[in-house]
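# Overview (structure and organization)
These are the residues of each chain, in order.
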Amino acid sequence: MNPPRTSRHLPSLLCLTGFLIILTAVYSLGLPGDFLFDDLPNLKALDSFGEINSLEQLKLYLSYSSAGPTGRPISLLSFLVNADSWPDDAGPFKITNILLHLLNGIILFWFISLIFKNSSHLKEIKHGIWIALFASIWWAAHPLHVSTVLYIIQRMAILSALFSLLGMVGYIYGRIRYLTSPKSGYLVMAMSISLGTLFATLSKENGALLPLFILIIESLLFSNKADSTTFKRFKILSLWTPSIVIVLYLIWAGLNQPDSIVEFRGFTVYERLLTESQVLIEYLKILLIPQPYTGGLYQYYPISKSISENPIVLVSIFIILSLLSIAWVYRARQPLISVSVFFFFAAHLIESTTVPLELYYEHRNYLPSAFLFVPFSFLAIKLIDHKPKSGTFIPILISVVLVVMTAIRCQSWSNSTELQLNWARENPLSHRAQLAAAENLINKNEVATAKKVLTAALGTVADDTPIRLHLIRLTKETPELKANRISSLASLIKAAPYSNETLAATVLLSQQIVSSDSKLNILAMLDLWDAVASNPRFSSVPQNMSKIHHNKAHLLLALDKTVDAVDQFQQSLEENPSVNMGIVQSTLLADKGHYCESIKHLIFTQRVIPFDPKGRYNKKYYDKEISRLIRLIQIDADTSGMQCDN
């Protein structure tokens, strides 16, 4: 007589529970760390509209995001759970991320267990639940995922993975139900695919790959010749069609990439594909040979221009094609290896092919690595079968090593200053790494140390333009010397490669100059903005031109050139219709006592609402808000004796 199912599974469930408790303690080591890099711009909407206590304010909050084409509303909603801690305490945000990560580990264990229990292709494999246990433990405890879990904004990746995993679990349950009740089985599978894809995509866009993930699992582990014609048609409609659409879109995106994107990113589609072949092999290396320390968020990855220029690209392409070929040839005999290989590369399709994203981020491996450890777990359990005493030691040792490495890495994330200084040392060619370390020091009033970091980076980083801009901002000197240094950067910035950091550093310097009351510096800064505008890598993007016009207007206001300033403000809104920016500009005019011009600019701003390309602005709300502001500014105008003809 077989023991009850619960008692058979109890040891593995107890092991999983104990592991999750240990992993919770390990990740808690990283709670003291601060917000980093993209956290700040992506979370600033949390306090942009006051307390979000109405549907109207919720719509405004959700419309504020510029993260991806979907706006990622589900991820944004999740950040409201921790809104009370913004921007002072990152800890509660990290706790939520940790809990979601642990939940993903549980769902992954559940899913792999279901596969082993129900796949006819794996029916001869014993101890499936233990294979699932160690595969999910090794995934959840992998040190590489620290830069996803403790990097707050990557809750987007965690949530997308969660809904993808739930969608796959739901599909398997639907497929099981289909065998006894086809109609309800089809319903469960269809709902799992559609809702899973929807929620995963609205968390982060690579959730759109869920049908492809399920297609891989279905084709390699479940499909058989006995499947009915109706079921095959269902797969064509619900799995093959959306997967093919995604692939065709990626091909189209590669063939139709505008020149402005090439200028903006600094690489062509061909160069990106060559470089990403190396990046993918690098990802596999750090996944299969774990390290407690990596380059972190700011890794500089050189662009490969051609195969002849960089033979390593050819080796990388050969390795990728070999892995895919082996996975295909041995798909019947070694389905676990085939699934892990195809799933890994499929999950990188959006972020590592033709879409012109930045080249390298560790968090892109969060979901792609979900099945990578299943074959290794299978081998470990097989070893235990052959050598029960000595073999048991191997998977336990691997688990302990991973947990220790993750603990070391979490500890390093607990001190943001040291963390970013380490990243700066690890990435000497990355201006982003040097700037992040310096900015962290500046925020802690260690300006002298920050200047040392930046000075050491001059001539070392691939592009030191933003470094030079920050050094001008941090150096105290006479207006004449500062003006000369600003002017000397004009020729450099005309030919500089695009980077957000260069633009941001120019904005910070410009803001400092506005408040300096030095006409000489203001004129030099205006010339510098003209140099930025003459660089097509910057000017080809409307949002950048909008910033250029806005900052020039601010400088012109400081020179009391009100008419020219208003013209620049209007050009800024024409380049990038933004009601919020228009309100800020009107406030700047009013603060200078130009009440009539401020009112006129608010009226001008009101006209851009219908032309907002992303539909971010609720016309009813903003009409009401602008009317309120006009009344307040009119009161100030009346008090000062101005007669405004609006």
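All of the points below concern the structure found in this document.

Definitions and cut-offs
- Residues numbered from 1 in each chain as written.
- Predicted model: local features only at pLDDT ≥ 70, side-chain atom pairs only at ≥ 80, totals over all residues.
- Heavy atoms only, no water.
- Helix = DSSP H or I, 4+ residues; strand = E, 2+ residues; numbered from the N terminus.
- Rg over C-alpha atoms; globule rule 2.2 N^0.38 Å.
- Contact = heavy atoms within 4.5 Å.
- Areas by Shrake-Rupley, 256 points an atom, 1.4 Å probe, with all protein chains shown as cover.
- Lys, Arg positive; Asp, Glu negative; His and termini not counted.
- Charge placed at Lys NZ, Arg CZ, Asp CG, Glu CD.
- Axes fitted to C-alpha atoms, helices over the stretch in contact; angles between N-to-C directions.
- Left-handed = near helix turned anticlockwise from the far one by under 90°.
- Nonpolar A, V, L, I, M, F, W, Y, C, P; charged D, E, K, R; others polar.
- Salt bridge = Lys/Arg side-chain N within 4 Å of Asp/Glu carboxyl O.
- Buried < 20%, exposed > 50% of the residue type's maximum accessible area, 1.4 Å probe, protein only.
- Patch = residues over 30% accessible without salt bridge, like charges linked within 9 Å, V, L, I, M, F, W, Y side chains within 5 Å.
- Disulfide = S-S within 2.5 Å.
- Polar contact = N/O pair within 3.5 Å; in protein donor to acceptor, adjacent residues only side chain to side chain.

For the rest of this paragraph, the subject is the overall build of the protein. Secondary structure assignment for the protein yields 31 helices and zero strands. For the protein, whose C-alpha radius of gyration is 28 Å, the value lies close to the compact-globule estimate of 26 Å for 646 residues. Taking all contacts inside the protein whose residues are at least 6 apart in sequence as the whole, residues at least 24 apart take part in 75%. Accessible surface computed for the protein: about 29,300 Å², of which carbon and sulfur atoms make up 62%. Each charge class in the protein can be summarised by its mean position, and for the 55 positive and 48 negative side chains these summaries are 12 Å apart.

Relative orientation of the contacting elements helix H13 (residues 269-288) and helix H14 (residues 311-329) amounts to 65 degrees, with a least axis distance of 8 Å. Between H13 and H14 lies a crossing whose hand is left-handed. Of the residues in H14, those in contact with Leu274, Ser277, Gln278, Leu280, Ile281 and Leu284 of H13 are Ile312, Val313, Ser316, Ile317, Ile319, Ile320 and Leu323. Here the residues of the contact of H13 with H14 sort into ten nonpolar, three polar and no charged.

Applying the stated rule across the entire model yields 15 salt bridges. With a shortest N-O distance of 3.6 Å, Glu218 and Lys235 are connected by a salt bridge. A residue pair is termed long-range when its members are at least 10 positions apart, and Glu218 in helix H10 (residues 210-221) and Lys235 in helix H11 (residues 229-255) qualify at 17 residues. Assigned by exposure class, Glu218 and Lys235 land together as buried. Between Glu625 and Arg628 there is a salt bridge, with its nearest N and O atoms 2.7 Å apart. One end of the pair is Glu625 and the other is Arg628, both in helix H31 (residues 619-639) and three residues apart, which spans about a single turn.

This paragraph deals with a nonpolar patch on the surface. Residues Ile236, Trp240, Ile244, Val247, Leu248, Ile251 and Leu255 make up a contiguous nonpolar surface patch of roughly 690 Å² in combined accessible area. Structurally, Leu255 is set in helix H11. Judged by its relative accessible area of 70%, Leu255 is exposed.

By definition, a disulfide links two cysteine residues through a covalent bond between their sulfur atoms. For the coordinates displayed, the defined rule picks out one disulfide. Through a disulfide, Cys596 is tied to Cys644; the S-S separation comes to 1.9 Å. In this structure, the disulfide formed by Cys596 and Cys644 twists by about -80 degrees around the S-S bond and is classed as left-handed. Placement of the pair is Cys596 in helix H30 (residues 595-607) and Cys644 in the segment after H31, with a sequence separation of 48 residues. The class of Cys596 is buried, set by a relative accessible area of 13%.

The next point concerns the side chain of Asn544. Mapped onto the elements of the fold, Asn544 is located in helix H27 (residues 542-558). There is a polar contact of 3.1 Å between the side chain of Asn544 and the backbone oxygen of Phe538. Excluding anything up to four places from it in sequence, Asn544 contacts Phe264, Tyr498, Leu503 and Phe538.

With an omega of -5 degrees, the peptide bond running from Trp86 to Pro87 counts as cis. In this fold, Pro87 is placed in the loop between helix H4 (73-79) and helix H5 (91-118). Although it is not a glycine, Asn445 adopts a positive phi angle of roughly 60 degrees. Among the secondary structure elements, Asn445 is positioned in the loop between helix H20 (431-443) and helix H21 (447-457). On the basis of relative accessibility, which here comes to 69%, the residue Asn445 falls in the exposed class. A positive phi is found at Asp560, a non-glycine position, where the angle reads about 65 degrees.

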